[in-house]
Each structure stands twice: as C-alpha cells, then as structure tokens.
Amino acid sequence: MDIKIEKAVSRDLPAIMELLKLANMHYIGSQEMPAISYDNYFVAKLDGRIAGFCGYKILSPTEAKTELMVVHPDCRGLGIGIQLQQKRMEDMLSKGIQTLTTNSDLPQTIEWYQKHFGYRKIGELKKVNEFGDPNIDRWTTLQVDLVKWNNTRRRRTSDE
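Along each chain, numbering runs from 1 in the same order as the chain's sequence is written. In keeping with the model being predicted, local features are shown solely for residues with a pLDDT of at least 70 and side-chain atom pairs are shown and tallied solely at 80 or more, while totals for entire chains, interfaces and linings include all residues. Only hydrogens and water are removed before side-chain values are computed, so all heavy atoms of the structure are retained for them.

1. Overview of the packing of aromatic side chains
Any Phe, Tyr or Trp ring, taking Trp's six-membered ring, that has another such ring centre within 6.5 Å forms a pair; planes under 30 degrees apart are called stacked, those over 60 apart edge-to-face, and the others tilted. Evaluation of the coordinates by the stated rule reveals four aromatic pairs. Look at Trp 112 and Phe 117: their rings are 5.1 Å apart centre to centre, the planes differ by 65°, and that puts the pair in the edge-to-face class. Throughout this description, buried means an accessible area under 20% of the type-specific maximum (1.4 Å probe, protein chains only), exposed means over 50%, and partly exposed covers the range between. We classify Phe 117 as buried; its relative accessible area is 2%. With a centroid separation of 4.9 Å and 65° between ring planes, the pair formed by Tyr 113 and Tyr 119 is classed as edge-to-face. With respect to class, Tyr 113 is no different from Tyr 119; both count as buried. Members of the aromatic cluster, joined through ring pairs, are Trp 112, Tyr 113, Phe 117 and Tyr 119. Consider the ring centre and the ring normal. A charge sits over the ring if Lys NZ or Arg CZ is within 6 Å of that centre and within 35 degrees of that normal. For Lys 7, the ring lying beneath its charged end belongs to Phe 42, and the centroid distance is 5.7 Å.

2. Here we look at the side chain of Thr 102
Secondary structure elements are defined from DSSP: runs of H or I of at least 4 residues count as helices, runs of E of at least 2 residues count as strands, and each element is numbered from the N terminus. Positionally, Thr 102 belongs in strand β5 (residues 99–104). Among the residues examined, Thr 102 registers a relative accessible area of 1% and is labelled buried. Pairs of N or O atoms are called polar contacts if they sit within 3.5 Å, as long as, within protein, a hydrogen donor faces a hydrogen acceptor (for residues adjacent in sequence, only side-chain-to-side-chain pairs). Of the polar contacts made by the side chain of Thr 102, one reaches the side chain of Thr 66; its length is 3.1 Å. Two residues form a contact once any of their heavy atoms are found within 4.5 Å. Leave out the neighbours within four places in its chain, and Thr 102 touches Thr 66, Tyr 113, Tyr 119, Thr 140, Thr 141 and Leu 142.

3. Side note on the layout of surface pockets
Both site types are read off a 1 Å grid over the protein atoms alone. A 1.4 Å probe that fits but cannot get out defines a cavity, while an open set with protein on both sides within 12 Å along at least five of seven lines defines a pocket; lining residues have an atom within 4 Å of a point. Grid points are joined across faces, edges and corners, and a volume is the space filled by probe spheres set on the points. Reported here for the second largest pocket is a volume of approximately 210 Å³. Lining the second largest pocket are 13 residues, with Phe 117, Gly 118, Val 144, Asp 145 and Lys 148 positioned closest to its centre. Secondary structure elements with two or more residues in the lining of the second largest pocket: α3 (107–117), β7 (138–145) and α4 (146–159). Top element by residues in the lining of the second largest pocket is α4. It accounts for four residues. When its residues are assigned to classes, the lining of the second largest pocket shows three nonpolar, five polar and five charged. Each residue is assigned to one of three groups, with Ala, Val, Leu, Ile, Met, Phe, Trp, Tyr, Cys and Pro labelled nonpolar, Asp, Glu, Lys and Arg labelled charged, and all others, Gly among them, labelled polar.

4. As for the sheet that holds strand β6 (residues 120–126)
Strand order across the open sheet formed by seven strands is β1-β2-β3-β4-β5-β7-β6, with mixed pairing between neighbours. The outermost strands of the open sheet, each flanked by one partner alone, are β1 (3–7) and β6. Averaged over all pairs of adjacent strands, the angle between their axes in this sheet comes to 25°, without regard to strand direction. In short, DSSP must find at least two bridges between two strands for them to pair. Summarising the sheet, strand β4 (residues 63–71) and β5 pair through three bridges and their orientation is parallel. Bridge pairing in β5 places Ala 64 opposite Leu 100. Relative to the sheet, α3 contacts β4, β5, β6 and β7, its axis offset from that of β7 by approximately 5°. Axis definition: a line fitted to C-alpha atoms, over the contacting stretch in the case of helices. Angles run 0 to 180 degrees between N-to-C directions.

Structure, rendered in structure tokens:
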C-alpha cells in the first residue's frame, strides 16, 4: 500500500467532488463553503488514485480554519486522515499560523480531532445548509494551538 500526500491541483477536482458527494459535503458555492481554492489543499493518493483530500483557509497572519476533509469510505482505517491532517497542520505551522479552528458535526470525528491532535471544544454553530450528516443541525467548533501541538508531537517522538 503506497500512500502519498500531494498538493491538490485543478485536475483533481472531479475526484474531489466525488469524495465530497460521498460525505454530503458537495454544496460548493454555498454560504458554508463558497469555493474550493487549491492554494492550501492536499490530496492523498493510494496506489495512484485519490483516496482523500483536505484543505484550509488562512484568516490572519496567525490564524487559520480547516476546510473540508474527506477520506473515501473504502480507505478509512488506513491512516490517510491522520496523514492529511498532519500535512495541513505542518503546512500552516510553516506559514506562521498559531491558532487553528475546525468545525465538525460527527461525534466520532470530534473525538478523533481531540484525541489525535489536541483540539478543544470552543463552541457550536447552527448549520446553514445540509452539509455533512443531515441529522445533525450544528457544527461543533474546535480549536488547537499549533505550536503546542507541534511541541507535544516532538516530545512524543523523542521519547520513542
């Protein structure tokens, strides 16, 4: 199994849109997701095919917000989501971002962000569109200090 994380390019859009449809997150051009820019997006390729992707938006010199992340259901449990999340966090950190905000609706995804990346819950937002799970009407807003995350990660690595 060969997983590669690469910068997304415009020719990846058809595969990205297919992934978004699977997650009910394909309402691009809506209030919640006005557009996809490729500036800060990554794709995960598994044996050459796009199996996941993620992105983020810079809000200020020290703040950013994640945008969209989906892993194909057939490829979950292979570590693709963790690799994508680490790549985008490392990329933001390299650009001076210190505070990262994420919105999620699924309880298991919220727990995943907290467990693996040190996020903490800071609030909730009512959904504007049917994005993600249609049975959940709110986003849980999470936040992480990227510098602290990186320092914790480095300590863990040096302890191993």
